[in-house]
Amino acid sequence: MKFKFNIFPKNSKWRKTAWFFIAVFIGMGAFIAKEAELTSYLSDDPQACVNCHVMTPVYNSWMRSSHREWANCNDCHVPHNNVFNKYYFKAKDGLYHASVFTARAEPDVIHMKEASQEVVQQNCIRCHIQQVTQVKYDGWLDNHRENRTGRQCWSCHKQVPHGKLHGILTIKTNLAPLPTDQEEAVIPSWLAKKISEE
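The rules we used
- Residues numbered from 1 in each chain as written.
- Predicted model: local features only at pLDDT ≥ 70, side-chain atom pairs only at ≥ 80, totals over all residues.
- Heavy atoms only, no water.
- Phe/Tyr/Trp six-rings, centres within 6.5 Å; stacked < 30°, edge-to-face > 60°.
- Buried < 20%, exposed > 50% of the residue type's maximum accessible area, 1.4 Å probe, protein only.
- Helix = DSSP H or I, 4+ residues; strand = E, 2+ residues; numbered from the N terminus.
- Patch = residues over 30% accessible without salt bridge, like charges linked within 9 Å, V, L, I, M, F, W, Y side chains within 5 Å.
- Areas by Shrake-Rupley, 256 points an atom, 1.4 Å probe, with all protein chains shown as cover.
- Salt bridge = Lys/Arg side-chain N within 4 Å of Asp/Glu carboxyl O.
- pLDDT = per-residue confidence, 0-100.
- Expected span 1.5 Å × (residues − 1).
- Arc of directions from axis to C-beta.
- Contact = heavy atoms within 4.5 Å.
- Polar contact = N/O pair within 3.5 Å; in protein donor to acceptor, adjacent residues only side chain to side chain.

**Some remarks on the packing of aromatic side chains**
Turning to step 1, where the next piece is worked out: A complete count under the given rule lists two aromatic pairs for this structure.
Turning to step 2, where the next piece is worked out: With centroids separated by 5.3 Å and ring planes inclined at 75°, the aromatic side chains of Phe-20 and Phe-21 adopt a geometry described as edge-to-face.
Turning to step 3, where the next piece is worked out: Overall, the relative accessible area of 49% leaves Phe-20 in the partly exposed class.
Turning to step 4, where the next piece is worked out: Exposure remark for Phe-21: the relative accessible area of 53% places this residue in the exposed category.
Turning to step 5, where the next piece is worked out: Their ring planes at 50° and their centres at 5.7 Å tell us that Tyr-59 and Trp-62 sit as a pair that is tilted. With a gap of three residues between them, Tyr-59 and Trp-62 both fall in helix H2 (residues 56–63), about one helical turn apart.

**Thoughts on a nonpolar patch on the surface**
Turning to step 1, where the next piece is worked out: Taken together, the side chains of Phe-20, Phe-21, Val-24, Met-28, Phe-31 and Ile-32 define a hydrophobic patch exposed on the protein surface, amounting to about 620 Å² of accessible area.
Turning to step 2, where the next piece is worked out: As for its position among the elements, Val-24 is in helix H1 (residues 15–35).
Turning to step 3, where the next piece is worked out: For Val-24, a relative accessible area of 36% translates into the label partly exposed.

**Observations regarding the confidence of the model for the chain**
Turning to step 1, where the next piece is worked out: Of all residues in the chain, 81% attain a pLDDT of 70 or more, and the chain-wide mean is 80.
Turning to step 2, where the next piece is worked out: Of all the helices and strands in the chain, helix H6 (residues 129–133) carries the lowest mean pLDDT, 80, while helix H3 (residues 73–77) carries the highest, 93.

**So, helix H4 (residues 83–102)**
Turning to step 1, where the next piece is worked out: Taking 1.5 Å per residue as the helical rise, H4 with its 20 residues ought to reach 28 Å, and the 28 Å between its terminal C-alpha atoms agrees with that figure.
Turning to step 2, where the next piece is worked out: For H4, the full list of buried residues reads Lys-86, Phe-89, Lys-90, Asp-93, Val-100 and Phe-101. Viewed along the axis of H4, the buried residues span an arc of 100°, placing them on a single side of the element. Turned more than 90 degrees from where H4 packs its buried face, Phe-84, Tyr-88, Leu-95 and Thr-102 sit exposed.
Turning to step 3, where the next piece is worked out: Those residues of H4 that are buried are in contact with H3 and helix H5 (114–127).
Turning to step 4, where the next piece is worked out: Taking the backbone nitrogen of Phe-84 as reference, a side-chain oxygen 3.1 Å away marks Asn-82 as the first, capping residue of H4.
Turning to step 5, where the next piece is worked out: At the exit of H4 stands Arg-104, carrying a positive phi of roughly 55°.

**Quick word on the environment of Arg-151**
Turning to step 1, where the next piece is worked out: Relative to the helices and strands, Arg-151 resides in the loop between H6 and helix H7 (189–197).
Turning to step 2, where the next piece is worked out: Along the chain, Arg-151 and Gln-121 lie 30 residues apart, while their C-alpha atoms are 8.8 Å from each other.

Here is the structure:
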C-alpha cells in the first residue's frame, strides 16, 4: 500500500496562494525568533534577561549583589524539581512577559505573580536550608521557629538581591550591559565629540 502525503491537491486553484502564505508565516516566525533572540532564553545566561530593556535595572542591581557570585536569574526564578517543569515555567512566564512588554503594558514596578513567588521562595529555601533551619535564630527573631519556611524570605530581606531601585523610571540612569543594536554606536554623539577632542 502506497501512502501519498499531499497537503494541497495539484488541481486546486488555491495551491500557490496557500504555499505563499505558509512561506510568509514561516519566514515571519523565523524573523521574529531571530530579532527576539529566542534561543538565548534556553540558556542560563543572565544577559538573556536584558534582551528586554525593562529588566536593565533588575539586572544591574543583581550585578552589584552578593548573589551574583553564586546564583543567576534561573537559579532563583525557575523551578528546579525537573527539567520539563523548568522549561515549561520559563516558556509560560516568558510568553506572559513578552506579551506585556510588546503591548507596552508593563507596570512601573514589576512584582512577582503568585506562581513566581512560590518558585522563588522554594529556591531561597533550597539554597539556604541550613540558615533557615538553624535553631540559634529562635532567640532573637520573632516567631522564627513557627515561620521558618512559611514566611516569604523577602519579607525581611527586602534588599536581596535586587536592591532599592525597582521601577522602570530608573532605566534612564541604568545602562544595559550589552548594546541592543550592535551596528549602531551606543556612545552619544556629544560624548564621542568630547572624547575625540581630548
